[in-house]
Amino acid sequence: MSFGETPITLVGNLTDDPELKFTDGGAALAKFTIAVTPRTFDRTANEWKDGTTAFYRCAAWRQLAEHIADSLKKGSRVVANGRMRQHDWTTDQNEKRSMLAVEIDDIGASVRFTTVTINAKRATQNGPAGNDAWATANGSAGASADAEPPF
């Protein structure tokens with residue numbers, strides 16, 4: 001993250017399935033919206049009340065974009081980290097427009113209200129997933145059950 005960028009963490013639900021596109025250069029781009037609704041407990045009424053829902057337009061690039069499209073769907077509860085970005089443009093009628101969007105750096109399914117299954121697909125910095133020093137004894141690294149962490 002660069003100096004002057006606005007970091008943001010969102011906890012909410014996808015409003016629709018992520019839309020996966022590819023640029024002319026072949027880079028994957030996933031676009032989606034996260035709805036975030038604050039909840040507060042009203043002690044007088046002795047119940048939870050929903051606040052005003054905010055909708056955040058999000059974008060993710062490359063392998064992260066492909067993983068999002070493969071893993072998440074409408075209604076998925078997620079925890080996402082990224083940076084707020086302002087996009088400015090001029091319409092065909094010469095009107096200036098702008099919008100805020102979140103460029104996602106990392107995202108995961110929230111396990112607060114559900115369970116998830118992790119399917120490791122990636123290669124690590126040290127090579128294929130089979131050479132992952134963090135793999136467990138029943139994983140693909142061939143580590144023994146009493147092996148120390150790699151640090």
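This write-up is about the structure you can find in this document. (Residues numbered from 1 in each chain as written. Predicted model: local features only at pLDDT ≥ 70, side-chain atom pairs only at ≥ 80, totals over all residues. Heavy atoms only, no water.)

**Remarks on the packing of aromatic side chains**
How two aromatic rings sit relative to each other is given by the distance of their centres and the angle of their planes.
Part 1 of the argument: Counting across every chain of the model gives one aromatic pair.
Part 2 of the argument: When the ring of Phe41 is compared with that of Trp48, the centres are 5.4 Å apart and the planes differ by 70°; the resulting orientation is edge-to-face. (Phe/Tyr/Trp six-rings, centres within 6.5 Å; stacked < 30°, edge-to-face > 60°.)

**Let's talk about the layout of surface pockets**
Part 1 of the argument: Of the pockets and cavities examined, the second largest pocket occupies roughly 280 Å³.
Part 2 of the argument: Lining the second largest pocket are 13 residues, with Thr37, Arg39, Arg77, Arg112 and Phe113 sitting closest to its centre.
Part 3 of the argument: A per-element tally of the lining of the second largest pocket places strand 1 (residues 6–14) first, with three residues.
Part 4 of the argument: A breakdown of the residues in the lining of the second largest pocket according to their chemical character gives six nonpolar, three polar and four charged. (1 Å grid on protein atoms, 1.4 Å probe; cavity = no way out; pocket = protein on both sides within 12 Å on 5 of 7 lines; lining within 4 Å. Points joined across faces, edges and corners; volume = space filled by probe spheres on them. Helix = DSSP H or I, 4+ residues; strand = E, 2+ residues; numbered from the N terminus. Nonpolar A, V, L, I, M, F, W, Y, C, P; charged D, E, K, R; others polar.)

**Here's the deal with a nonpolar patch on the surface**
Part 1 of the argument: Taken together, the side chains of Val111, Val116 and Ile118 define a hydrophobic patch exposed on the protein surface, amounting to about 300 Å² of accessible area.
Part 2 of the argument: Under the relative-accessibility criterion, Ile118 is labelled exposed at 72%. (Patch = residues over 30% accessible without salt bridge, like charges linked within 9 Å, V, L, I, M, F, W, Y side chains within 5 Å. Areas by Shrake-Rupley, 256 points an atom, 1.4 Å probe, with all protein chains shown as cover. Salt bridge = Lys/Arg side-chain N within 4 Å of Asp/Glu carboxyl O. Buried < 20%, exposed > 50% of the residue type's maximum accessible area, 1.4 Å probe, protein only.)

Purely geometric numbers; function is a separate question.
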